[in-house]
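So you can see what is in the structure, the chains are spelled out below.
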Amino acid sequence: MSSHPVDLSEVHASLDRLRRQVCHCGMKGECLGCKGVEMVRAQVEAVAAAASQPVLFQVAQEAAMKDMATQFEGMAERLMSDPEIRRAAEAMQDRVMSDPDTRRLIEELMRRLGQQDPPPAQE
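Just so it is clear, the model here is predicted, and its values are computed rather than measured.

Criteria and cut-off values
- Residues numbered from 1 in each chain as written.
- Predicted model: local features only at pLDDT ≥ 70, side-chain atom pairs only at ≥ 80, totals over all residues.
- Heavy atoms only, no water.
- Salt bridge = Lys/Arg side-chain N within 4 Å of Asp/Glu carboxyl O.
- Helix = DSSP H or I, 4+ residues; strand = E, 2+ residues; numbered from the N terminus.
- Buried < 20%, exposed > 50% of the residue type's maximum accessible area, 1.4 Å probe, protein only.

### Quick look at the pattern of salt bridges
Working step 1: Under the criterion given, the structure shown has eight salt bridges.
Working step 2: The partner of Glu38 in a salt bridge is Arg19, and the shortest N-O contact between them spans 3.4 Å. Of this pair, Glu38 sits in helix H2 (residues 32–51) while Arg19 sits in helix H1 (residues 9–22), and the two are 19 residues apart along the sequence.
Working step 3: Relative accessible area serves as the criterion here: at 30%, Glu38 is assigned to the partly exposed category.
Working step 4: Overall, Arg19 belongs to the buried group, its relative accessible area being 14%.
Working step 5: Among the salt bridges present, the one from Glu107 reaches Arg103, with a minimum N-O distance of 2.9 Å. Here Glu107 pairs with Arg103, and both are found in helix H5 (residues 100–112), just four residues apart, close to one helical turn.
Working step 6: Three or more residues are tied together by salt bridges with common partners; here these are Asp16, Arg19, Glu38 and Arg41.

Pasting the structure below:
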């Protein structure tokens, strides 16, 4: 991999469109939609930054990413134990996957991360 910056402008544009669709707080960053989209944005940036580094830096960053993933899983488990938040998250996932541009970008990101089966489209 090269150490030049990765162009994430398409991902950011799609996330901006998605945020406008799922926001319930007037773009103040206070609702689950805004916070969720910003969390995804931070994760995409972290993955792109780590993947574009030379191998020695990647080893150190992999450990940090695993720690972040563990923390994220714990937070997600705590959030998903709340039925209202769980329903809101499922509705947000349905909306994310129903947007063809966002779905294509997520599928591409999953392929790059080595995962074979992206989430199925909710119809």
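### Some thoughts on unusual backbone geometry
Working step 1: We note that Met27 has phi near 65°; this positive angle belongs to a residue other than glycine.
Working step 2: Looking at the secondary structure, you find Met27 in the loop between H1 and H2.
Working step 3: Judged by its relative accessible area of 39%, Met27 falls in the partly exposed class.

Worth remembering: the numbers are spatial, not functional.
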